[in-house]
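Coordinates in review
Residue strings, one per chain:
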Amino acid sequence: MSRIVLVLGSSAGGVARHVRMLAGGLVVRGHRVLVAGPLGTEKAFGFTGTGADFAEVRISDRPHPARDLRTIVRLRALTRGADVVHAHGLRAGALAALALTGSRGWPRLVVTLHNAVTAGGAIGGVYRALERIVARRAHRVLVVSPDIGERMRAVGAGRVDPAVVPAPPLAEPARAPGEVRAEIAARLPATAGPGPAGPPDGADPALRPILLTVARLAQQKGLETLLDAAAGPYKGDPVFVVAGDGPLREELQARVDAEELPVVLYGWAETADLLQVATGVIVPSRWEGQPLSVQEALRAGRPVIATRVGGVPAMVGDAALLVPPQDAGALSREIGRLLGDPALAARLAEAAVRRGRELPDEDAALRSVLMAYGLPPSE
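The structure reproduced in this document is the subject of the present report. Because the structure is a prediction, the values reported are computed rather than measured.

**Quick notes on the nonpolar core**
The biggest cluster of nonpolar side chains holds 68 residues, and the ones touching the most others in it are L6, V7, V35, V141, M152 and Y373. Those residues in contact with V7, other than ones at most four positions away along the chain, are A36, I59, L75, V85, H86, A87, H88 and A92. Of all hydrophobic cores here, the second largest spans 30 residues; its members include L212, Y266, A297 and V316.

**Brief notes about the pattern of salt bridges**
Under the defined criterion, the tally for this structure stands at 18 salt bridges. A salt bridge links R175 to D273; the nearest nitrogen and oxygen atoms lie 3.4 Å apart. Of this pair, R175 sits in the loop between β7 (160–162) and α7 (177–187) while D273 sits in helix α10 (residues 271–275), and the two are 98 residues apart along the sequence. For R175, a relative accessible area of 21% corresponds to the partly exposed category. Using a relative accessible area of 4% as the deciding quantity, one classes D273 as buried. With a shortest N-O distance of 2.9 Å, R255 and E259 are connected by a salt bridge. On the criterion of helical spacing, the pair formed by R255 and E259 is a turn pair, its members being 4 residues apart in helix α9 (residues 249–259). Look at the salt bridges and you will find they share partners, linking R175, E183, R187 and D273 into a network.

**Topic: the sheet that holds strand β4 (residues 84–88)**
Where strands meet in a sheet, backbone hydrogen bonds hold them as pairs that are either parallel or antiparallel. Taken together, 7 strands build an open sheet; the order of strands is β3-β2-β1-β4-β5-β6-β7 and the sheet is parallel. Only two strands of the sheet have a single neighbouring strand rather than two, namely β3 (53–56) and β7. Within this sheet the neighbouring strands show an average axis-to-axis angle of 20°, counted without direction. Note that strand β2 (residues 32–37) and β3 share 4 bridges and pair parallel. What sits directly across from L34, in β3, is D53.

**Considerations on the packing of helix α1 (residues 14–28) against helix α15 (residues 362–373)**
Relative orientation of the contacting elements α1 and α15 amounts to 75°, with a least axis distance of 10 Å. Between α1 and α15, the angle is such that the two are roughly perpendicular. Of α15, the residues touching α1 (which contributes M21, L22, G25 and L26) are E362, A365, L366, V369, L370 and Y373.

**Thoughts on the environment of G125**
Among the structural elements, G125 can be located in helix α5 (residues 121–137). Note: C-alpha distance between G125 and V155 (30 residues apart in sequence) is 13 Å.

**As for unusual backbone geometry**
Only a minority of non-glycine residues have a phi that is not negative, and only a minority of peptide bonds are not trans. A cis amide bond, omega 5°, links G232 with the succeeding residue P233. Its location among the elements puts P233 in the loop between α8 (223–230) and β9 (239–243). Positive phi values are uncommon outside glycine, yet E260 reaches one of about 55°. Its place among the elements puts E260 in the loop between α9 and β10 (263–265).

Definitions and cut-offs
- Residues numbered from 1 in each chain as written.
- Predicted model: local features only at pLDDT ≥ 70, side-chain atom pairs only at ≥ 80, totals over all residues.
- Heavy atoms only, no water.
- Core = buried A, V, L, I, M, F, W, Y, C linked by side-chain atoms within 4.5 Å.
- Buried < 20%, exposed > 50% of the residue type's maximum accessible area, 1.4 Å probe, protein only.
- Contact = heavy atoms within 4.5 Å.
- Salt bridge = Lys/Arg side-chain N within 4 Å of Asp/Glu carboxyl O.
- Helix = DSSP H or I, 4+ residues; strand = E, 2+ residues; numbered from the N terminus.
- Pairing = 2+ DSSP bridges.
- Axes fitted to C-alpha atoms, helices over the stretch in contact; angles between N-to-C directions.
- Parallel < 35°, antiparallel > 145°, perpendicular 65-115°, else oblique.

Below, the structure is given as structure tokens:
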């Protein structure tokens, strides 16, 4: 039995879900696990519910010298006697690396980088310095996309391997399709056009197709490009449903209202409920690693239109239409093709089901991290 410390910063979604999955799987395999991160992550994701212990550590999105120094001291105490420290994210990885400075061989430090650095200026310079700290001090760096791997090798990382970040099994829908469509229709502004939102099979020609985007409402997700493309026109008069929340909500809603776009900012919801009524899934992001929403769309057999960024092309294979990021014209053309060509839509749906079955599962992720830890995968 090994003692493993999982470290993460602030997270409202994929990273924390991944850490919770790892914590539960490692506990089941007989390891002692401590999750160290902001108290809000424990409240939202319940790491202790997996059998792991939890310790509060303040790791914010932005550098804060005095607070970061206290965090390093705290992590040094928490990781004393550990066999492995696995940090998730660049800031958590760099702080863990600094906390372990002077340790001789153990704990082994593994860092998973879930996101690319996109900031410029002074903040970008700080993050580049953090990349160098991680590259030089981590025993293993796991990356969610090839571009991050190339960047880390360029700054001196000795061992870089692909991360395996699977989506959890897709839940069964909690609501009937008709109920979900009725709610979407009720939220759609009257100026965006008449008619209820309809099912993906188009059984009633009066029903409108639904194009679903699942994303945090933040700059990385490229939602301004989605709104550019939503203006249409398109065959079937689709409704664009954006499931998520975030700092850009008011700005996006103001634009939807001003331009009378057929867009519903739905808020966070059970993805399975919305996927069952989706004609297709749109991913307009500036960058993505291994987005859980795309994995869920593939497993649900939904056609995908996504930007050709990060780890997306390798994830989707031939099961998606890919476009350049921030290119509303290209996105609009592919949306038009999907809605106007039933044979194309059917081919993409079949390819999605096939690709969804090929994606790695949670057991594969656990075997991968145990190998990175230098522990037997079956332990």
